[in-house]
Amino acid sequence: MKKILVVDDEKSIVKGIKFSLEQDDMKVEVAYDGETALELAKANHYDMILLDIMLPGFSGLEVCQMIREFSDVPIIMLTAKGDDMDKILGLEYGADDYITKPFNILEVKARIKAIFRRNNRNVPEQENQKVIETKGLKIDVDSRRVYIDDKEVNLTAKEFELVYLLVSNPNKVYSREQLLKTIWGPSYPGDARTVDVHVRRLREKIEATPADPKYIHTKWGVGYYFHE
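Not measured: the values here are computed from a predicted model.

(A) Layout of the environment of Thr134. Examined against the element boundaries, Thr134 turns out to sit in strand β6 (residues 131-134). For Thr134, a relative accessible area of 17% puts it in the buried group. For the pair formed by Thr134 and Glu177, sequence separation is 43 residues and the distance between their alpha carbons is 26 Å. Residues in contact with Thr134, not counting those within four places in the same chain, are Val167, Tyr215 and Phe226.

Below, the structure written as structure tokens:
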């Protein structure tokens, strides 16, 4: 049974999401403010967190950022309609996806299930290597852990999938559209900025000098690649 944490200060929204997810045999816990959400995230293992941006106390962005210090649990941000800056900031702070309010509960469930499917498969379909090591970078495929010079780097699910795809295919340039389709799925409604934000965050975590990367390089006007 999947365990979901739903965080929103609008109790009617929380009630509706909770009821709908429980119909799909998911266990749902709730929080109505940022502090409670953070405490629950620290004390429990969740398979997914739905996190509203506008919260009392800590904002959803602050909660997302703090959770990323100790967990790579998938996080879907709930954002105000048409507020592109909130969407970009959500991705910058470590969210995996976002849903714009007002939303259809069927869309919420579809996004959750899509993330579960992507995280459960061996993404992407590459040769069956258990551990990849190159230039001081080590990827443990089974445990989905990444190490730089034997020190573990805490990556989100999407960041792991990005680095795994690129490192598994050295010197192959992927366009932003290819990465978006491969990592987020063909039905994902986001755009190329989603890829740029995740690559920037990934570089900040694995590169000694993000502005002069050793691993993830940019092919200007085309996309990104791993330089072997």
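On we go from here.
(B) Up close: the sheet that holds strand β10 (residues 174-175). As summarised here, the arrangement of the 3 strands in space is β10-β12-β11, forming an open sheet in which the pairing is antiparallel. Of all strands in the sheet, those with a lone pairing partner are β10 and β11 (216-219), marking the two edges. By the bridge criterion, 4 bridges tie β11 to strand β12 (residues 223-226) in an arrangement that is antiparallel. Counterpart to Lys219 in the pairing with β12 is Gly223.

(C) Inspection of the nonpolar core at higher detail. Grouped together as the largest cluster of nonpolar side chains are 51 residues, with contacts concentrated most on Ile49, Leu51, Met77, Ile139, Val163 and Ile206. At 7 residues, the largest contribution of residues to this core is made by helix α6 (residues 157-168). Excluding its chain neighbours within four sequence positions, the residues that come into contact with Met77 are Leu51, Ile53, Gly60, Leu61, Cys64, Gly90, Ala95, Asp97, Tyr98 and Ile99. Counting residues in hydrophobic clusters, the runner-up holds 16 residues, among them Val6, Ile99, Val108 and Phe116.

Conventions adopted
- The written sequence of each chain sets the order in which its residues are numbered from 1.
- A pLDDT threshold of at least 70 governs which residues receive local features in this predicted model, and a stricter bar of 80 or more applies before side-chain atom pairs are shown or counted, although totals over entire chains, interfaces and linings include all residues.
- Calculated side-chain values reflect all of the structure's heavy atoms, with hydrogen atoms and water omitted.
- To qualify as a helix, a DSSP run of H or I must reach at least 4 residues; to qualify as a strand, a run of E must reach at least 2; elements of each kind are numbered from the N terminus.
- A simple rule labels every residue: compare its accessible area, found with a 1.4 Å probe on the protein chains alone, to the largest value its type can have, and call it buried under 20%, exposed over 50%, or partly exposed in between.
- Whether two residues touch is decided by their heavy atoms; if any such pair falls within 4.5 Å, the residues are in contact.
- A pair of strands is considered paired only if DSSP assigns at least 2 bridges between the two.
- The set of buried Ala, Val, Leu, Ile, Met, Phe, Trp, Tyr and Cys residues whose side-chain atoms join them within 4.5 Å is what this entry labels a nonpolar core.

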